[in-house]
Amino acid sequence: MTGRLMLLDTASLYFRAYFGVPESVKAPDGTPVNAVRGLLDFIDRLVKDHRPDHLVACMDADWRPRWRVELIPTYKAHRVAEERTAGPDEEQVPDTLSPQVPVIEAVLDALGIARVGVPEYEADDVIGTYTARARGPVDIVTGDRDLYQLVDDRRGVRVLYPVKGVGTLQLTDEAVLREKYGVDGRGYADLALLRGDPSDGLPGVAGIGEKTAAKLLAEFGDLAGIMAAVGDPAAKLTPAQRRRLTEARPYLAVAPEVVRVADDVPLPDVDTAVPRAPRDPAALETLAARWGLGGSLERLLATLTA
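Conventions we followed
Residues numbered from 1 in each chain as written. Predicted model: local features only at pLDDT ≥ 70, side-chain atom pairs only at ≥ 80, totals over all residues. Heavy atoms only, no water. Helix = DSSP H or I, 4+ residues; strand = E, 2+ residues; numbered from the N terminus. Rg over C-alpha atoms; globule rule 2.2 N^0.38 Å. Buried < 20%, exposed > 50% of the residue type's maximum accessible area, 1.4 Å probe, protein only. Contact = heavy atoms within 4.5 Å. Areas by Shrake-Rupley, 256 points an atom, 1.4 Å probe, with all protein chains shown as cover. Lys, Arg positive; Asp, Glu negative; His and termini not counted. Charge placed at Lys NZ, Arg CZ, Asp CG, Glu CD. Phe/Tyr/Trp six-rings, centres within 6.5 Å; stacked < 30°, edge-to-face > 60°. Pairing = 2+ DSSP bridges. Axes fitted to C-alpha atoms, helices over the stretch in contact; angles between N-to-C directions. Nonpolar A, V, L, I, M, F, W, Y, C, P; charged D, E, K, R; others polar.

The name an unreviewed UniProt entry assigns to the protein chain is 5'-3' exonuclease, from the organism Streptomyces leeuwenhoekii.

Here it is, written out as structure tokens:
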């Protein structure tokens, strides 16, 4: 794959659209379509402003993979609506958002925008694998800071992070990461697992916040260097830091596999080129009328065909 690749963290973006666009935006039958239309408007702006050659809507085929939960049982546990013995657990999603997700998927398919999810993996892992395989620059569009770990100036990989709704994007490169967090992309995963992330159920290391984690990484290079320092009496660690890191060894032994996105997901063979015409015009016309997609869809179609 050559040319500029844009990867959408689709669930992250339609959640942003849902909360950023009022529920008064409705289909003819009164069903809210704020997430649908908000996402279409967002994709329109992204394609118009950044002109990708390839575009993939990356999906959560499994938002809480069991292999991650087996390593850290608290992983996203507070977001489980219902546990299931087979297949992914049910995630807590607002009642008026859930019915919009199949509509989003149907519209993307009719447009011909590649939509990729892989069983037992999150969208982050799909994004990580596409990024690893890309031969050109990559724009990752997400409201999830976990993907900062993929930022790589040398390869032209950056994160477009919505800072207010879906209208304003922070173009995150290594300079931004160093200024805000004191690490580059490669160091961000270590920072995140040391600091922890309550939104993902990751406890982190007690007493080590973001600033302390950044200082430790600056001093010792990476997590392996920090843990080597714990066993070195001459290393510049405070007694409290040494004790806390020692107590956290079981967590730190498994956290990297949970926090770091996969880069070896078995991706399907799909056409990722930005569509210049709808794949299924008849289906798209039906969807537009049924859900009242109006100007949002018309603007995106105009941008895609320009």
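Having put the structure on the table, let's press on.
Asks: Outline the overall build of the protein chain, supporting the account with residue identities and numerical values.
Replies: Scanning the protein chain from N- to C-terminus turns up 13 helices and 8 strands. Computed over C-alpha atoms, the radius of gyration of the protein chain comes to 21 Å, within 12% of the 19 Å expected from 2.2 N^0.38 for 306 residues, which places it in the range of a compact globule. Dimensions of the protein chain, computed from C-alpha atoms along their principal axes, come out at roughly 70 × 40 × 35 Å. Per-residue burial over the protein chain gives 51% buried out of 306 residues. For the protein chain, contacts bridging at least 24 residues in sequence account for 66% of all contacts bridging at least 6. Taken as a whole, the protein chain presents about 14,000 Å² of accessible surface, with 51% of it coming from carbon and sulfur. Once the 37 positive and 47 negative side-chain charges of the protein chain are each reduced to a mean point, those two points are 5 Å apart.

Asks: Would you mind going over helix 9 (residues 223–230) in detail, with residue names and values included?
Replies: Buried residues dominate helix 9, accounting for 6 of its 8 residues. Buried within helix 9 we find Leu223, Gly225, Ile226, Met227, Ala229 and Val230. Where helix 9 is buried, its residues touch helix 7 (185–195), helix 8 (210–220), helix 10 (239–247) and helix 11 (249–259).

Asks: Kindly report on the packing of aromatic side chains, identifying the contributing residues and their values.
Replies: Per the counting criterion, the structure on display carries 7 aromatic pairs. Both rings, one in Tyr148 and one in Tyr188, keep their centres 5.4 Å apart while their planes meet at 75°; by these two values the pair is edge-to-face. Taken together, the residues span a long stretch of sequence, with Tyr148 in the loop between strand 6 (138–141) and strand 7 (157–164) and Tyr188 in helix 7 at a distance of 40 residues. Overall, Tyr148 belongs to the buried group, its relative accessible area being 1%. A relative accessible area of 1% places Tyr188 in the buried class.

Asks: How would you summarise the sheet that holds strand 7 if you had to cite specific residues and measurements?
Replies: Here 6 strands make up an open sheet; going across it, the order is 5-2-1-6-7-8 and the pairing mixed. Bordering the open sheet on either side are strand 5 (114–116) and strand 8 (168–172), each of which pairs with just one other strand. Averaged over all pairs of adjacent strands, the angle between strand axes in this sheet comes to 25°, irrespective of strand direction.

Asks: Quick one: what's the story with the pairing of strand 7, residue by residue and with numbers?
Replies: Direction of pairing for strand 6 relative to strand 7: parallel, over a ladder of 4 bridges. When the sheet's bridge partners are listed, Val138 is paired in strand 7 with Val157. Here strand 7 pairs with strand 8 via 5 bridges, running antiparallel. Looking at strand 8, one finds that Val159 is bridged to Thr172.

Asks: Summarise the environment of Asp152; cite the residues concerned and give the values.
Replies: Note on placement: Asp152 falls in the loop between strand 6 and strand 7. Sequence-wise, Asp152 and Gly185 are 33 residues apart; in three dimensions their C-alpha atoms are separated by 6.1 Å. Those residues within four positions of Asp152 in sequence are excluded, and the remaining contacts are Val157 and Glu174.

Asks: Would you mind going over the packing of helix 10 against helix 11 in detail, with residue names and values included?
Replies: Relative placement of two packed helices is described by the angle separating their axes and the distance separating the axes. In the contact formed by helix 10 and helix 11, the axes pass within 5 Å of each other and the chain directions differ by 65°. Mapping the contact onto sequence places Leu245, Thr246 and Glu247 in helix 10 and Arg249, Pro250 and Leu252 in helix 11. Here the contact of helix 10 with helix 11 is composed, by residue class, of 3 nonpolar, 1 polar and 2 charged.

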